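Each chain, written out:
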Amino acid sequence: MGSVTDDEVIRKRLLIDGDGAGDDRRINVLLKSFIKWCNSGSQEDGYTQYQRMLGTLGQCEFSMGKTLLVYDMNLKEMENYEEIYTEIGQNLTAAHEKIAECKKEILQAKRIRKNRQEYDALAKVIQQHPDRHDTLKQLESLDKELQHLSQIKENVEDKLELRKKQFHVLLSTIQELQQTLENDEKFSDADEHQGNQMETENGH
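Residues numbered from 1 in each chain as written. Predicted model: local features only at pLDDT ≥ 70, side-chain atom pairs only at ≥ 80, totals over all residues. Heavy atoms only, no water.

S.K.: Hey, could you go over the overall build of the chain for me, with residue numbers and the actual values?
M.R.: Along the backbone of the chain there are four helices and zero strands. Long-range pairs, those at least 24 residues apart, make up 66% of the contacts in the chain between residues at least 6 apart in sequence. (Helix = DSSP H or I, 4+ residues; strand = E, 2+ residues; numbered from the N terminus. Contact = heavy atoms within 4.5 Å.)

Structural data, given as structure tokens:
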């Protein structure tokens, strides 16, 4: 009567385990071997069942060790991903700040260009009266101011070009980090799928 009850328990656990390719199947096999070992009629049968139990225990220990290794690796990967996400967030913040700074510099360059056009127009009007001493002095002053503004404009344009290059490098770095994250996720999914497939094959 007890043997029938044990068989029913094993049958139910196998149904819960599905195709019987996971750790539950190994436990069921170990339990069944233990029952057969208890009910073995001869010493030879008992020794055979004992060896089977040892083999099943070894498989369970190996599976548990492998699971722990995968768990530890996943924890390390999560920590690494959190660091990468933090770094990306900081880079994005810095990029937004640089973009805002570049916009300010562009507006300043536009104002300088507008002022230069106004000074050019005024210089043309002044040049129409070259004989007047005050007009010449004013023209000379405006010419110096124009040169100064031109120098400022060149400096701003050079700085703006440098910011564009830095921003391009930053965007490229962010894209490479995102691609690395996607590749890592694909690689992790592939490893997990392969591991499940190998456990299924070993189970059969």
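There's plenty left to go through after this.
S.K.: Break down the pattern of salt bridges for me, citing the residues and quoting the values.
M.R.: Under the counting rule described, the total for this entry stands at four salt bridges. A salt bridge links K144 to E140; the shortest N-O distance between them is 3.9 Å. Of the two residues, K144 and E140 both sit in helix α4 (residues 133–203), four residues apart, roughly one turn of that helix. Since its relative accessible area comes to 53%, K144 is described here as exposed. (Salt bridge = Lys/Arg side-chain N within 4 Å of Asp/Glu carboxyl O. Buried < 20%, exposed > 50% of the residue type's maximum accessible area, 1.4 Å probe, protein only.)

S.K.: Quick one: what's the story with the side chain of K153, residue by residue and with numbers?
M.R.: Following the sequence through the fold, K153 ends up in helix α4. In this structure, K153 is in contact with I112 and R116, ignoring residues within four places of it in sequence.

S.K.: Before we move on, can you summarise the environment of V125 with the specific residues and values?
M.R.: Structurally, the position occupied by V125 is in helix α3 (residues 43–127). We classify V125 as partly exposed; its relative accessible area is 45%.

S.K.: Talk me through a negative patch on the surface; I want residue IDs and the actual numbers.
M.R.: Residues E79, E82, E83 and E87 make up a contiguous surface patch of negative charge. In this fold, E87 is placed in helix α3. Among the residues examined, E87 registers a relative accessible area of 41% and is labelled partly exposed. (Patch = residues over 30% accessible without salt bridge, like charges linked within 9 Å, V, L, I, M, F, W, Y side chains within 5 Å. Areas by Shrake-Rupley, 256 points an atom, 1.4 Å probe, with all protein chains shown as cover. Lys, Arg positive; Asp, Glu negative; His and termini not counted. Charge placed at Lys NZ, Arg CZ, Asp CG, Glu CD.)

S.K.: Describe the UniProt feature "coiled-coil region" (unreviewed entry) in the chain, listing the residues and the values that go with them.
M.R.: Under the feature "coiled-coil region" (unreviewed entry), the UniProt entry names residues 139–166. A helix fraction of 100% and a strand fraction of 0% characterise residues 139–166, whose end C-alpha atoms lie 40 Å from each other. (UniProt positions renumbered as here; feature names shortened; annotations may be inferred.)

S.K.: Quick rundown of the confidence of the model for the chain? Include the residues and the values.
M.R.: Considering every residue of the chain, the mean pLDDT works out to 78; 76% of them sit at 70 or more. At the level of individual helices and strands, the chain shows its lowest average pLDDT in helix α1 (residues 2–16), which scores 52, and its highest in α3, which scores 84. Predicted confidence is poor over residues 14–21, with pLDDT under 50, and the contacts of this stretch with residues over four places away or in other chains come to eight contacts. (pLDDT = per-residue confidence, 0-100.)

S.K.: Which residues make up a nonpolar patch on the surface, and what values go with them?
M.R.: On the surface, L31, F34, W37, Y47, Y50, L54 and L57 cluster together into a nonpolar patch covering about 660 Å² of accessible area. For the nonpolar patch, the secondary structure elements donating two or more residues are α2 (23–38) and α3. Per-element tally for the nonpolar patch: the top contributor is α3, with four residues. Relative to the assigned elements, L31 resides in helix α2. With a relative accessible area of 32%, L31 lands in the partly exposed category.

S.K.: If you had to explain the environment of L181 to someone new, which residues and values would you point to?
M.R.: Note on placement: L181 falls in helix α4. Residue classification places L181 among the buried positions, given a relative accessible area of 7%. For the pair formed by L181 and I84, sequence separation is 97 residues and the distance between their alpha carbons is 8.7 Å. Once residues within four sequence positions are removed from consideration, L181 is found in contact with Y81, I84, Y85 and I88.

S.K.: Could you give an account of the side chain of R163, naming the residues involved and the relevant values?
M.R.: By secondary structure assignment, the location of R163 is in helix α4. Other than its neighbours up to four places away in sequence, R163 contacts E101, C102 and E105.

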